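# Coordinate analysis (summary)
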Amino acid sequence: MAERRRGAALEAALLDAAWDELTGHGYARFTMDGVVKRAGTSPPVLYRRWPDRDKLVRATITHALRKHVLDVPDTGSLREDVLTLMREINATRLPLVTVISTFLADYQQQTGITPSDLIDPSATGRKEAVDALFDRAADRGEIKPEHLTERVKSLPFDLLRHEFLTTFAPAPDHVLEEIIDTLFLPLVR
């Protein structure tokens, strides 16, 4: 007889099953019953935690993003920190970014909720981690903090995501360097 899951282990198993259901069938065919079957549990166990499909999808995406948080580098230079982080994202996150973007399009179309409304960077720790990278650069005198709007800070990563979604392939290294050297660094210096 299988060991009964409880607490955090049960919640993680449910969210992993929900992620598999979402990536396997897309948002349009994502069902609570499908998650229950994948998790090998009963409907009350799932509904006690997430009373509806929308809340479960939100929790599932946050769970997936938390599982894939990268360490923020500290190389001693903003250029190298951002380039190192972008290279890691480029090497490891293409499937995650394309899957989430594809299924969030369905989600937005059906619910009217945009990806920016759905994905809270503070819930995954991504915002604080990237802010620390920029704070170090400001402390070193590499950048002018007054130039750092949220849009400017997200620019290199937004452009990398654009590369993923237009090519469905990792970006060549020269593209990463061009994003940083030609577009991003001139904005913050």
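Notes on the structure follow. Note that the coordinates shown come from a computational prediction; the quantities given were computed from them, not determined experimentally.

### Thoughts on the overall build of the protein chain
Looking only at helices and strands, one finds 11 helices and 0 strands in the protein chain. Along the protein chain, helices (α) and strands (β) appear in the sequence α-α-α-α-α-α-α-α-α-α-α when read from the amino end. Split into buried and exposed, the 189 residues of the protein chain put 38% on the buried side. Sequence-distant contacts in the protein chain: of pairs separated by 6 or more residues, those separated by 24 or more amount to 69%.

### Here's the deal with the packing of helix α1 (residues 7–25) against helix α4 (residues 53–67)
One can describe the packing of α1 onto α4 by two numbers: an axis separation of 9 Å at closest approach and a directional angle of 100°. By the criterion of interaxial angle, the relationship of α1 to α4 is roughly perpendicular. On α4, the residues that touch Ala12, Leu15, Asp16, Ala18, Trp19 and Leu22 of α1 are Leu56, Ala59, Thr60, Ile61, His63, Ala64 and Lys67. Looking at the contact of α1 with α4, its residues break down into 9 nonpolar, 2 polar and 2 charged.

### Remarks on the nonpolar core
Core analysis: the biggest nonpolar cluster contains 29 residues, and Leu46, Leu56 and Ile61 have the highest contact counts within it. For this core, the elements supplying multiple residues, two or more each, are α1, α2 (32–39), α3 (43–49), α4 and α6 (94–111). Counting residues per element, this core draws most heavily on α1, which supplies 7 residues. The next biggest cluster of nonpolar side chains, apart from the first, holds 27 residues, and it includes Leu78, Leu94, Val97 and Ile180.

### Focus on the packing of helix α5 (residues 78–92) against helix α11 (residues 173–188)
Put simply, α5 and α11 touch, their axes get as near as 10 Å, and they point 140° apart. In terms of orientation, α5 lies oblique with respect to α11. In terms of crossing hand, the pair formed by α5 and α11 is right-handed. Facing Leu78, Arg79, Val82, Leu83, Met86, Arg87 and Asn90 of α5, the residues of α11 in contact are Asp173, Leu176, Glu177, Ile179, Ile180, Asp181, Phe184, Leu185 and Val188. Tallied by class, residues from the contact of α5 with α11 come to 10 nonpolar, 1 polar and 5 charged.

### A look at the pattern of salt bridges
Counted according to the given criterion, the structure contains 16 salt bridges. Between Asp74 and Arg136 there is a salt bridge; the shortest N-O distance is 3.3 Å. Here the residue Asp74 occupies a position in the loop between α4 and α5, and Arg136 occupies one in helix α9 (residues 126–139), the gap between them amounting to 62 residues. The salt bridge involving Arg140 is made with Glu142; its shortest N-O contact spans 2.6 Å. With relative accessibility at 33%, the residue Arg140 sits in the partly exposed group. One network of salt bridges, with partners in common, ties together Asp74, Asp81, Arg136, Arg140 and Glu142.

What counts as what
Residues numbered from 1 in each chain as written. Predicted model: local features only at pLDDT ≥ 70, side-chain atom pairs only at ≥ 80, totals over all residues. Heavy atoms only, no water. Helix = DSSP H or I, 4+ residues; strand = E, 2+ residues; numbered from the N terminus. Buried < 20%, exposed > 50% of the residue type's maximum accessible area, 1.4 Å probe, protein only. Contact = heavy atoms within 4.5 Å. Axes fitted to C-alpha atoms, helices over the stretch in contact; angles between N-to-C directions. Parallel < 35°, antiparallel > 145°, perpendicular 65-115°, else oblique. Nonpolar A, V, L, I, M, F, W, Y, C, P; charged D, E, K, R; others polar. Core = buried A, V, L, I, M, F, W, Y, C linked by side-chain atoms within 4.5 Å. Left-handed = near helix turned anticlockwise from the far one by under 90°. Salt bridge = Lys/Arg side-chain N within 4 Å of Asp/Glu carboxyl O.

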